[in-house]
Amino acid sequence: MSEPRNPDGSMPEDPSSALAFSAPRTETQSVHSAQPDMANRFRQDSRATTAIEGQVLSTQTTPSNERANDLEKTVQPDLERGPIQNRPRRYQSGLLHDYPHSMSRHDDHEHDHEHTHDNDERLELDPLTRQLTRTPTSVRAKDEQGRFVIGWEAGGQDPENPKNWPRRRKMINVTVVSLMALLCPMSSSIMSPGLPNIERDFDTSTIIAALTVSIFVIGFGVGPMILAPLSETFGRRPIYCVCFPIFVLCQIPCALAVNVSMLIVFRLFSGIFGSAGIACGAGTIGDMFGPRERAPVVGKYVLGILLGPAIAPLIGGFTVQGAGWRWTFWIMLIMASVNSVVAILFLRETYAPILLDQRAKQMEKELDHPCIAADHDMRSLRLRLWLAVKRPMKILFLQPIVFIMASYMALIYGTLYAMFTTFPTVFRQTYGFNEGIVGLVYLAPGIGFLLAVTLGVPQIQKNYERLADRQPDKQGKPEFRMPVGYVGAVFVPMGLFWYGWSVEKQNFWLVPLIGAFFFGAGLVLLFQTIQNYFIDGFARYAASAIAAGSIFRAVVGAVFPLWVPYMYDAIGYGWGTSILGFAAVLLMPMPFIIMRYGERLRTRFQVNLDN
């Protein structure tokens, strides 16, 4: 076996410090160099990746510009071996599969086995190679302008890829983002027990007082339409760390409001900026978790979005009773401030294109050679922002399946807020509860949320894996998330009929709460399946897909509480709630239809989200 030498033919000072580089090929370009002894060993057992003997770099003797020159010499056309499609399979491993989001097809159909590359098909790097800040395995090829194209390391095991992060680091991000997604909906309803006090203090009407809640809900529906696409341009972390502190500051003028107009304006701003966790949370989870491990994490995240409006009136009821409605905003200020500080200190960027841009800049400094990220967008910032902002609307109106599911969730979410508006009136007048005890009533759907996440959400993942394993290629499809939604589609109308008619007949107070429990459980099961569907179907642009669904949901959720009380006054709780129940019955087949025809609809109505 020949001894390793430097590119100029000299012996390295310390052979043990020699580094071996390997990278996937393209048809006309390749990056290949390896220690001769390793290359010979792998060539003998027919499992070598492309390597050229003698091209060895020493971390002790080669300056950065010489490293770049040596590396550039290896990035040359390799025509004598023929196109890569005609080469043995072992020379093709890790070529395009390791590009992060390099193809829209990769985005829309994530590989379930992205971390299961065959170890026999790539050249393992010795430990000393890993000591480099950025190893040349990140260099995928060379573009037409001579720049090194930077991607994740070959083999799918790059430690800086968020999907390869340690579980603890991932869960820190998930916890911080989930708390943001909890606190924003909490703020929407924490003041609702104090609406009669606001009406009295500002001498305004019941509708205007209720508008202080509705305008917030509209805000955190509109916010994701702007913030989600911005996160796909500038990254997730800047959106969290800028918007949520503004949400914190908005609590101050709300608490000090001198008239109802001031309160309404700052409630709108509070909803828009507080929606950062809702706008980007699903995208952040999709950045870090693959399809086979995602559902339980999404379950915990979505629980916060739904549990917030349920537990906030409990806190607000006792706060209004003991300290007044203004203190509900001071409580939100304290909780959100703590979360903002934690986010600034511990939240990490997860969006792959941004991380690769940062890596390319770092490698350009180290190698003293122009570098560019594999997925770098060369278009102007103005154009990219315009395309990003209109992306959620394209998804909503050009993808029929998204429009259908967004409409379904809007009806159910609006019904949730309509039910919440009836609780104070029903349980004060009919059952004689005081303000503090009325807050406990909201725990009935909240318990349904918790049990659905605990028992139902794991079934989403199990069904997905079971159905995926039946496929010849073992690949999952977004539609495989739907079966658990069948149960939710039944629970929602059942809970509505149960609640409405038990209130109408003035049954024992626990009976209507059982109906609210089933409604809450069904809502979570449907919400979870649809959220997972959006993430699977729009992997790279998951945040925009979620935002597309949120705008309908928020607007309907804001409008329902304004007219539902009049409907109940006119026709009673039994028939009033039954109207909503019948609408839910009409939409009940939707999960079955999506399971059967969803893939066909997605294929027929494909949308180019980059133009």
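Here, the structure is the one placed above.
Figured I'd write up the structure that's included with this text. Owing to the predicted nature of the structure, the values given are computational and were not obtained by experimental measurement. (Residues numbered from 1 in each chain as written. Predicted model: local features only at pLDDT ≥ 70, side-chain atom pairs only at ≥ 80, totals over all residues. Heavy atoms only, no water.)

### Description of the overall build of the protein
Our working definition: Runs of H or I in DSSP of at least four residues are treated as helices and runs of E of at least two as strands, each being numbered from the N terminus. Partly exposed residues are those whose accessible area sits between 20% and 50% of the maximum for their type, while under 20% is buried and over 50% is exposed, using a 1.4 Å probe and protein chains only. Every residue pair with non-hydrogen atoms within 4.5 Å of one another is taken to be in contact. Every accessible area reported is derived by Shrake-Rupley at a probe size of 1.4 Å, with residue values counting cover from the shown protein chains alone.
Summing up its helical and strand segments, the protein has 20 helices and seven strands in all. Counting the 611 residues in the protein, one finds 58% classified as buried. Sequence-distant contacts, at least 24 apart, represent 79% of the contacts inside the protein between residues at least 6 apart. With an accessible surface of roughly 24800 Å², the protein has 61% of that area assigned to carbon and sulfur atoms.

### Examining the side chain of Glu479
Take Glu479: it is sitting in the loop between α16 (443–469) and α17 (483–504). Taking the relative accessible area as the measure of exposure, Glu479 reaches 3% and is therefore buried. Sequence-distant contacts of Glu479, defined by excluding residues within four places in its chain, comprise Tyr533, Ile594, Met595, Gly598, Glu599 and Arg602.

### Quick look at the layout of surface pockets
The test is simple: Space inside and on the surface of the protein is sampled on a 1 Å grid over the protein atoms alone, with a cavity defined as a set of points where a 1.4 Å probe fits but cannot get out and a pocket as an open set with protein on both sides within 12 Å along at least 5 of 7 lines; lining residues have an atom within 4 Å of a point. Grid points are joined across faces, edges and corners, and a volume is the space filled by probe spheres set on the points. Gly is placed with the polar residues, together with every amino acid not listed as nonpolar (Ala, Val, Leu, Ile, Met, Phe, Trp, Tyr, Cys and Pro) or charged (Asp, Glu, Lys and Arg).
Taken as a whole, the largest pocket encloses approximately 790 Å³ of empty space. Lining the largest pocket are 28 residues, and of these Leu195, Thr206, Thr421, Thr425 and Pro565 sit closest to its centre. Broken down by secondary-structure element, the contributors of at least two residues to the lining of the largest pocket are α5 (195–201), α6 (206–234), α14 (400–430) and α19 (542–587). Residue composition of the lining of the largest pocket, grouped by class: 18 nonpolar, seven polar and three charged.

### A few points about the nonpolar core
Nonpolar side chains tend to gather and get buried jointly when the protein is soluble and globular. Put simply, the test is: For this analysis, a nonpolar core means a set of buried residues of the types Ala, Val, Leu, Ile, Met, Phe, Trp, Tyr and Cys, connected via side-chain atoms within 4.5 Å.
In terms of nonpolar packing, the biggest core is built from 117 residues, with Phe423, Phe427 and Phe449 touching the most fellow members. Setting aside anything within four residues of it in sequence, one finds Phe427 in contact with Gly432, Phe433, Val438, Val441, Trp509, Pro512 and Leu513. In this structure, Leu195, Val260, Val320 and Phe329 belong to the second largest nonpolar core, which totals 15 residues.

### What to know about the packing of aromatic side chains
Here a ring pair, both rings aromatic, is described through the centre-centre distance and the interplanar angle of the planes. Rules: Each aromatic pair joins two rings of Phe, Tyr and Trp (for Trp, the six-membered one) with centres within 6.5 Å, and gets the label stacked for planes under 30 degrees apart, edge-to-face for over 60, and tilted for any other angle. A ring is scored as having a charge over it whenever the NZ atom of a lysine or the CZ atom of an arginine sits within 6 Å of its centre and within 35 degrees of its normal.
Counted by the stated rule, this structure contains 27 aromatic pairs. On the numbers, 6.4 Å between centres and 65° between planes, the contact of Tyr464 with Phe480 is edge-to-face. Separated by 16 residues along the polypeptide, Tyr464 in helix α16 and Phe480 in the loop between α16 and α17 bring together distant segments of the chain. What makes Tyr464 buried here is its relative accessible area of 2%. Here Phe480 falls in the buried class, since its relative accessible area comes to 7%. Each residue in the set Tyr413, Tyr417, Phe420, Phe423, Phe427, Tyr431, Phe433, Tyr442, Tyr499, Phe508 and Trp509 is aromatic and connected to the rest through ring pairs, giving one cluster. Over the aromatic face of Trp165 sits the side chain of Arg169, whose NZ or CZ is 5.4 Å from the ring centroid. Positioned above the aromatic ring of Tyr464 is the side chain of Arg481, whose terminal nitrogen or guanidinium carbon lies 3.9 Å from the ring centre.

### A look at the environment of Pro196
Positionally, Pro196 belongs in helix α5. Exposure remark for Pro196: the relative accessible area of 41% places this residue in the partly exposed category. When the C-alpha positions of Pro196 and Ala210 are compared, they lie 9.3 Å apart, and in sequence the two are 14 residues distant.

### With respect to the pattern of salt bridges
Heads up, the rule is: For this analysis, a salt bridge means a side-chain nitrogen from Lys or Arg found within 4 Å of a carboxyl oxygen belonging to Asp or Glu.
A complete count under the given rule lists ten salt bridges for this structure. A salt bridge links Arg391 to Glu232; the shortest N-O distance between them is 2.7 Å. Remark: Glu232 occurs in helix α6 and Arg391 occurs in helix α13 (residues 381–398); sequence separation between them is 159 residues. Each member of the pair Arg391 and Glu232 is classed as buried. For Arg292, the salt bridge is made with Asp469, and the minimal N-O distance between the two is 3.1 Å. Highlighted residues: Arg292 in the loop between α9 (276–288) and α10 (295–323) and Asp469 in helix α16, separated in sequence by 177 residues. Residue classification places Asp469 among the partly exposed residues on the basis of a relative accessible area of 39%. Through salt bridges that share partners, Asp158, Glu160 and Arg359 make up one connected network.

### Points about the state of the cysteines
Convention followed: Pairs of cysteine sulfur atoms within 2.5 Å are identified as disulfides in what follows.
Under the counting rule described, the total for this entry stands at zero disulfides. Considering cysteine sulfurs only, Cys243 is the nearest to Cys241, which forms no disulfide, with 9.8 Å between them. Considering cysteine sulfurs only, Cys254 is the nearest to Cys250, which forms no disulfide, with 6.7 Å between them.

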